[in-house]
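Structure at a glance
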Amino acid sequence: MPSEQSEENAPPGLEVVLGIETSCDETAAAVVVREGEANGRILSNVVRSQLAEHRPYGGVVPEIAARAHVECLDAIVAAAMGEAGVGWRELSAVAATAGPGLNGGLVVGLVTGKALALAQDLPFVAVNHLEAHALTVGLTDGVAPPYLMLLVSGGHTQTLLVEGVGRYRRIGTTIDDAIGEAFDKTAKLLGLHYPGGPEVERRARMGDPARFPLPRPMVGREAPHFSLAGLKTAVRQRAEAAAPLSAQDVSDLCAAFEAAVCDIVRDRVARAMDLVEDAFAPGAPRRLTVAGGVAANRSIAAALAALAAERGFSLAVPPPALCTDNGAMIAWAGAERLARGLVDGLDTPPRPRWPLDPDAPAAIGAGVKA
Ligand code: KG4
Ligand code: ZN
């Protein structure tokens, strides 16, 4: 278990926080200043992607990821501090991702963050990576809770009600693959590059979405969860039946897959909207936010915009560089926690599995990712 959190009195004034992110395949550090509720400024945001290291393997290799973090984190932190133009004595705290994510990478970021906090005599904040994604719209768009959030990345697919800092209600989750993972696996089976999302999107634009009929698992179900494994299998079966695939076949399969994902996202987010109706006071703005690499997909973004308009929600999407993994979101979540006196001990362990809403009932049929 993590060390107990101390509810210290937050110091008055601004929080200036160094954030470190190493939970997957981006090594990142950033300095953010919190100037008030849902009001922050990014002083620096340095991200080094390990895409080149993992590409030959068609996916993230945990050991390679951990080693790459070790090799470059010091330089990334130095660059973030240098670009921010703040000295160590001007920082209010150091924050690092403690989970969820790959254990080897988490250890690298956590140990570094704790060592810096200890050496500089600063408070340390252990950040949940999902909380950081969830709070990003406060930094980028000035959006304060409550809001509904769709998190769609290579590792996560969830709808969450963000009620406040530290208060999350998980609405839906995937019972098998994450959406980004489904894009990546579809790309792989069609012979496209890793990561597959952008490549599938590019090919989909040249394809006919109606040529290959594909299922829309879970659509119309009362339970708000997602399922992608059946869709991926259906793509495989269609691809095998049509083999050898021409370039047009690949584009048509990509278009059919993307169209199915758009329908799934639209339906599942609509169901989540039904379930959070009570969270918004009558007349208060109802907001939908999105984060994660998949949010970069233009068709999915358009489907969400149409749904939001239809249902009277405003839609806030952080810029792509802050939707994908970065240090600024960790620094911001750290600042939000620090402002509430939520700091952590130097004995905080990494938490490779760390659900934001530990009380959420397990989704029926859910595998390890729920
Ligand atoms: O949030 P992210 O950068 O990293 C984590 O997974 O934490 O998300 C990466 C995922 C990959 O699965 C990638 O294929 C997917 O986001 N992705 C996309 C697009 N760009 C990235 N999926 C669909 N369309 C895109 N344009
Ligand atoms: Zn992420």
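Note on numbering: residues in each chain are counted from 1, in written sequence order. Lettering for chains starts from A, numbering for ligands starts from 1, and both go in the order in which the items are written. With pLDDT at 70 or above as the cut-off, local features in this predicted model cover only qualifying residues; side-chain atom pairs require 80 or more to be listed or tallied, and sums for whole chains, interfaces and linings still use all residues. Computation of side-chain values covers all heavy atoms of the structure but excludes hydrogens and water.

**Notes on the coordination of the zinc ion (ligand 2)**
Any nitrogen, oxygen or sulfur atom within 2.8 Å of a metal ion counts as a donor, with the limit raised to 3.2 Å for Na, K and Ca, and since water is left out, coordination shells can look unfinished. Around the zinc ion (ligand 2), the donor atoms from the protein are His129 (NE2), His133 (NE2) and Asp325 (OD), and they sit 2.1 Å away. Within one chain, the residues donating to the zinc ion (ligand 2) are spaced in sequence as H-x3-H-x191-D. Residue histidine 129 is found in helix α4 (residues 129-141), and its partner aspartate 325 is found in the loop between α10 (320-323) and α11 (327-339); the two are separated by 196 residues along the sequence. Each residue gets one of three labels from its accessible area relative to the maximum for its type: buried under 20%, exposed over 50%, partly exposed in between, using a 1.4 Å probe on protein chains only. Given the relative accessible area of 4%, histidine 129 is considered buried. Helix numbers and strand numbers start at the N terminus; a helix is a DSSP run of H or I with at least 4 residues, a strand a run of E with at least 2.

**Describing the site of ligand 1**
In this text, near means that some heavy atom of the residue lies within 4 Å of the molecule or strand in question. Close contacts around ligand 1 come from 18 residues, with Gly154, Asp184, Gly197, Glu201 and Gly293 the closest. The definition of a polar contact used here is a pair of N or O atoms within 3.5 Å, where within protein one atom must be able to donate a hydrogen and the other to accept one, and adjacent residues in sequence count solely through side-chain atom pairs. Glutamate 201 places a polar side-chain atom, nitrogen or oxygen, 2.7 Å from a nitrogen atom of ligand 1. Methods summary: accessible areas were calculated by the Shrake-Rupley approach with a probe of 1.4 Å, and residue burial reflects only the protein chains presented. Starting from 550 Å² of accessible surface for ligand 1 in isolation, the protein chains cover 87%. Every element with two or more residues in the shell around ligand 1 is listed here: α5 (179-189) and α6 (196-204). Counting residues per element, the shell around ligand 1 draws most heavily on α6, which supplies four residues. Here the nonpolar group is Ala, Val, Leu, Ile, Met, Phe, Trp, Tyr, Cys and Pro; Asp, Glu, Lys and Arg are the charged ones; every other residue, Gly included, is treated as polar. Residues of the shell around ligand 1, tallied by class, amount to five nonpolar, 10 polar and three charged.

**Notes on the layout of surface pockets**
Here a cavity denotes a set of grid points, spaced 1 Å apart and computed over the protein atoms alone, in which a 1.4 Å probe fits but from which it cannot get out, and a pocket denotes an open set meeting protein on both sides within 12 Å along at least five of seven lines; residues with an atom within 4 Å of a point are reported as lining. Grid points are joined across faces, edges and corners, and a volume is the space filled by probe spheres set on the points. When its volume is computed, the largest pocket comes out at roughly 1,500 Å³. Lining the largest pocket are 48 residues, with Cys24, Ser153, Gly154, Gly155 and His156 positioned closest to its centre. Breaking the lining of the largest pocket down by element, the ones donating at least two residues are β4 (39-49), α4, α5, α6 and α10. Per-element accounting of the lining of the largest pocket gives the leading share, five residues, to α5. Here the lining of the largest pocket is composed, by residue class, of 20 nonpolar, 19 polar and nine charged.

**A closer look at the pairing of strand β5 (residues 93-99)**
By the criterion of burial, β5 is predominantly enclosed, with seven of the seven residues buried. As paired strands, strand β2 (residues 15-21) and β5 are joined by four bridges and run parallel to one another. Within β5, the residue paired with isoleucine 20 across the bridge is alanine 96. At least two bridges found by DSSP between two strands is the condition for calling them paired. Pairing analysis gives five bridges linking β5 to strand β6 (residues 124-128), with the strands arranged parallel. Paired with threonine 97 across the bridge in β6 is valine 127. With respect to chirality, the unit in which β5 leads through helix α3 (residues 103-120) into the neighbouring parallel β6 is right-handed. Orient the strands so they point away from the viewer, and a crossover whose first-strand-to-second-strand path over the helix runs clockwise is right-handed.

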